[in-house]
Amino acid sequence: MVRNLTKGKPLKQILVFALPIFIGNVFQQLYSMVDNIIVGNTLGENAFAGVGATTSIAFLIIGFVQGLTAGFAVKTSQFFGNKDEEKVKRSVATSFMLCAAITVILTIVSVLTAKPLLRLMQTPEDIIEYSYEYIVVVFAGLGATMLYNLVSSILRALGDSKVPLIFLIIASVINVALDLLFIIVFKTRVAGAGWATVISQLLSALACAIYMFRKYDILRLTKNHFKTSWKFCWEHLNIGLPMAFQYSIIAVGIMVQQAALNTFGTLYVSAYTAASKIDSIVTQSLVAMGSAVATYVGQNYGAGEIERINKGINQAMTVSVGLALVSGIVVYFGSDLLTGLFVKDPNEQMLSLSKKYLFWQGVFYIGLAIIYVYRNGLQGMGYSALTMVGGVVELLMRIVASIFLVKVLGYLGLCLSNPCAWIGVDILFITSYYIIIHHKVKRFARISVASVKIKKHSKGIA
């Protein structure tokens with residue numbers, strides 16, 4: 001159902017909206033997790049490491065898609081918060097057209113550059129063919145990824161976080177079945193895992209799109225809604241592109257990390273891959289809070305509820321700190337058990353490397369929580385260019401850590417590269433948010449006072 005986040009208690013609205021996103025994010029992580037578990041337990045450690053070595057270049061492209069569609073949805077949520085239904089429809093139509101054009105370009109570029117990027121990152125020779133075999137399929141199916149992220153972002157912009165969850169759960173079940181069918185029965189090796197992910201995501205996206213257009217009157221488009229202007233397109237691109245580049249910039253930093261990791265050998269790649277998958281899953285509560293904050297802020301910004309935005313941000317931050325502490329405890333005490341899910345009979349060195357990585361991430365999860373809340377809050381207000389600057393800061397911090405700390409501390413330096421990036425970005429986002437929100441509150445107060453004076457003056461004339 002469509003949810004108006006400009007009314008009711010802020011924290012309750014954010015939490016109710018975030019819960020389905022959290023569950024959906026976990027299932028979305030299962031796409032990748034199941035691929036890795038089945039590959040690791042059926043095709044061996046090298047195949048597992050090969051798929052894991054694609055994580056950073058996959059995020060380079062898929063992160064761009066996620067940022068782009070989330071940025072377009074910011075405009076949609078602002079129009080929805082302002083109760084402008086006609087512009088909501090135009091925004092949705094424009095988003096579809098822009099995404100279709102960008103998908104074609106992105107698919108061609110990503111498929112052609114996949115192998116050179118793997119070599120640039122010094123992917124070990126004993127796993128590079130596995131890496132390419134998997135990632136080229138994922139890139140070829142970017143249309144499915146774009147469609148799913150767009151329809152999900154549109155629904156969330158209108159306050160509906162439940163419907164994408166339902167279709168994603170169904171798709172996750174299909175993904176598991178196709179993984180087993182392609183890899184075990186058809187013997188397609190790691191390419192089968194890629195095709196299972198693409199097909200599952202496509203089915204989820206199509207079902208979700210059909211449902212939303214039939215269910216919601218506000219999303220029923222006509223030909224006139226597709227007659228857009230360059231100015232209207234630019235309003236979307238002005239938010240969408242900086243958010244897309246922000247994710248891709250972060251991905252470049254992760255690629256530098258991966259390149260540094262690859263020099264340690266296949267065992268380290270396997271341990272790091274397993275640990276990073278665990279890390280991704282346990283931090284989805286923080287991601288969900290950030291996504292909920294973005295929609296909450298977008299709707300309230302469109303409605304002019306500036307003080308309500310600040311209250312919601314502060315309450316969301318308090319909850320996120322608690323979630324970060326719990327997540328840190330989970331990864332530390334559960335690292336051995338969880339690592340064993342990905343690799344059959346992992347040795348003691350692999351378990352030790354995985355635990356070391358998870359320990360240092362968990363210690364700094366509060367820094368990650370700060371990023372998700374404040375970055376998404378700024379995005380919801382339309383400050384996507386500022387969040388792109390944050391991506392540059394992350395990139396620089398990761399590069400410095402991956403080059404210099406790795407030389408001094410070895411694998412430990414690599415484990416510390418993410419926390420270094422988080423701390424640097426935290427300083428930027430916290431400072432920027434409070435400067436901006438202070439300015440907005442003062443401006444809102446001046447406008448309110450002026451409105452009262454005009455009304456009194458009008459009554460006096462009457």
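All figures in this text were calculated on a predicted structure; none of them were measured in a lab. (Residues numbered from 1 in each chain as written. Predicted model: local features only at pLDDT ≥ 70, side-chain atom pairs only at ≥ 80, totals over all residues. Heavy atoms only, no water.)

**What about the overall build of the chain?**
A tally of helices and strands in the chain yields 17 helices and zero strands. Relative to the globule expectation of 23 Å for 462 residues, the C-alpha radius of gyration of the chain, 22 Å, shows essentially globular dimensions. Sorting the 462 residues of the chain into buried and exposed places 56% on the buried side. Long-range contacts, defined as pairs at least 24 residues apart, comprise 85% of the intrachain contacts of the chain with a sequence gap of at least 6. Here the chain displays about 18900 Å² of accessible surface, and carbon together with sulfur accounts for 68% of that area. Charged side chains of the chain number 38 positive and 21 negative; the gap between the two group centres comes to 15 Å. (Helix = DSSP H or I, 4+ residues; strand = E, 2+ residues; numbered from the N terminus. Rg over C-alpha atoms; globule rule 2.2 N^0.38 Å. Buried < 20%, exposed > 50% of the residue type's maximum accessible area, 1.4 Å probe, protein only. Contact = heavy atoms within 4.5 Å. Areas by Shrake-Rupley, 256 points an atom, 1.4 Å probe, with all protein chains shown as cover. Lys, Arg positive; Asp, Glu negative; His and termini not counted. Charge placed at Lys NZ, Arg CZ, Asp CG, Glu CD.)

**Concerning the packing of helix α3 (residues 55–81) against helix α5 (residues 128–140)**
Their axes nearest at 11 Å, the elements α3 and α5 cross at an angle of 5°. The pairing of α3 with α5 is recorded here as roughly parallel in orientation. Residues Ile57, Ala58, Ile61 and Ile62 of α3 touch α5, and the partners they reach there are Ile135, Val138 and Phe139. (Axes fitted to C-alpha atoms, helices over the stretch in contact; angles between N-to-C directions. Parallel < 35°, antiparallel > 145°, perpendicular 65-115°, else oblique.)

**Comments concerning α5**
For α5, built from 13 residues, the straight-helix expectation of 18 Å at 1.5 Å per residue is met to within 8% by its first-to-last C-alpha distance of 18 Å. For α5, the set of buried residues is Ile128, Ser131, Glu133, Tyr134, Ile135, Val136, Val137, Val138 and Phe139. (Expected span 1.5 Å × (residues − 1).)

**Points about the environment of Ala114**
Relative to the helices and strands, Ala114 is located in helix α4 (residues 85–120). The class for Ala114 is buried, based on a relative accessible area of 0%. For the pair Ala114 and Ile57, spaced 57 residues apart in the sequence, the C-alpha separation amounts to 7.9 Å.

**A word on the packing of aromatic side chains**
Any aromatic ring pair is given by two values, namely how distant the centres are and how the planes are angled relative to each other. Scanning all chains against the criterion turns up 19 aromatic pairs. With centroids separated by 5.8 Å and ring planes inclined at 45°, the aromatic side chains of Phe96 and Phe213 adopt a geometry described as tilted. Pair noted here: Phe96 is in helix α4 and Phe213 is in helix α8 (residues 189–215), with a separation of 117 residues, a long-range link. Relative to Trp360, the ring of Phe359 lies with its centre 5.1 Å away and its plane at 80°, an arrangement referred to as edge-to-face. (Phe/Tyr/Trp six-rings, centres within 6.5 Å; stacked < 30°, edge-to-face > 60°.)

**Topic: the side chain of Arg398**
Position of Arg398 among the secondary structure elements: in helix α15 (residues 384–409). We classify Arg398 as buried; its relative accessible area is 4%. A distance of 2.8 Å separates the side chain of Arg398 from the side chain of Asn418, its partner in a polar contact. Ignoring anything within four residues of it in the chain, the contact list for Arg398 reads Ile250, Gly253, Ile254, Gln257, Ser417, Asn418, Ala421 and Trp422. (Polar contact = N/O pair within 3.5 Å; in protein donor to acceptor, adjacent residues only side chain to side chain.)

**Remarks on helix α9 (residues 230–262)**
For α9, spanning 33 residues, the distance from its first C-alpha to its last is 44 Å, which sits close to the expected 48 Å at 1.5 Å a residue. Along its length, α9 reaches its greatest deviation from straightness, about 30°, at Leu237. (Bend = angle between axes of the 7 residues up to and from the residue.)

**Some points on unusual backbone geometry**
Residue Gln122 is not a glycine yet carries a positive backbone phi of 60°. Mapped onto the elements of the fold, Gln122 is located in the loop between α4 and α5. In this structure Gln122 comes out as partly exposed when scored by relative accessible area, which is 47%. Positive phi is not limited to glycine here, since Lys187 has a value of about 55°. Along the chain, the position of Lys187 falls in the loop between α7 (163–185) and α8.

**Comments concerning the pattern of salt bridges**
Under the defined criterion, the tally for this structure stands at six salt bridges. Between Lys115 and Glu129 there is a salt bridge, with the nearest N and O atoms lying 3.3 Å from each other. Linking Lys115 in helix α4 with Glu129 in helix α5, this pair joins segments that are 14 residues apart in sequence. Close ionic contact of Arg220 with Asp217 constitutes a salt bridge, the shortest N to O distance being 2.7 Å. For Arg220, a relative accessible area of 42% gives the class partly exposed. Here the salt bridges share partners, and the residues they tie into one network are Arg375, Glu394 and Arg398. (Salt bridge = Lys/Arg side-chain N within 4 Å of Asp/Glu carboxyl O.)

**Some remarks on the environment of Lys311**
The residue Lys311 is located in helix α12 (residues 306–342) in this model. You can call Lys311 partly exposed: its relative accessible area is 47%.

**Some thoughts on the state of the cysteines**
Under the counting rule described, the total for this entry stands at zero disulfides. This cysteine, Cys208, is not joined by any disulfide, and Cys99 carries the nearest cysteine sulfur, 14 Å off. By relative accessible area, Cys208 is classed as buried at 0%. Between Cys233, a free cysteine, and Cys99, which holds the nearest cysteine sulfur, the sulfur-to-sulfur gap is 11 Å. (Disulfide = S-S within 2.5 Å.)

**Quick look at the confidence of the model for the chain**
On average, residues of the chain score 88 in pLDDT, and 94% of them are at 70 or above. When pLDDT is averaged over each element of the chain, α4 comes out on top at 96 and helix α17 (residues 417–461) at the bottom at 73. Note on residues 449–455: pLDDT under 50 across the span, and zero contacts to partners over four residues away in sequence or across chains. (pLDDT = per-residue confidence, 0-100.)

**What to know about a nonpolar patch on the surface**
On the surface, Val176, Leu180, Leu181, Ile184, Val185 and Phe186 cluster together to form a nonpolar patch covering roughly 480 Å² of accessible area. Inspection of the secondary structure assignment puts Leu180 in helix α7. When its relative accessible area of 38% is taken as the criterion, Leu180 is described as partly exposed. (Patch = residues over 30% accessible without salt bridge, like charges linked within 9 Å, V, L, I, M, F, W, Y side chains within 5 Å.)

**Here we look at the packing of α3 against helix α6 (residues 142–157)**
Viewed as axis vectors pointing N to C, α3 and α6 meet at an angle of 25°, and their least axial separation amounts to 8 Å. As judged from the angle between their axes, α3 and α6 are roughly parallel. The interaxial crossing formed by α3 with α6 has right-handed handedness. Side by side, α3 and α6 meet where Ile61, Ile62, Val65, Gln66, Leu68, Thr69, Ala70, Ala73, Thr76, Ser77 and Phe80 of the first sit next to Leu142, Thr145, Met146, Asn149, Leu150, Ser153, Ile154 and Ala157 of the second. The class makeup of the residues in the contact of α3 with α6 is 12 nonpolar, seven polar and no charged. (Left-handed = near helix turned anticlockwise from the far one by under 90°. Nonpolar A, V, L, I, M, F, W, Y, C, P; charged D, E, K, R; others polar.)

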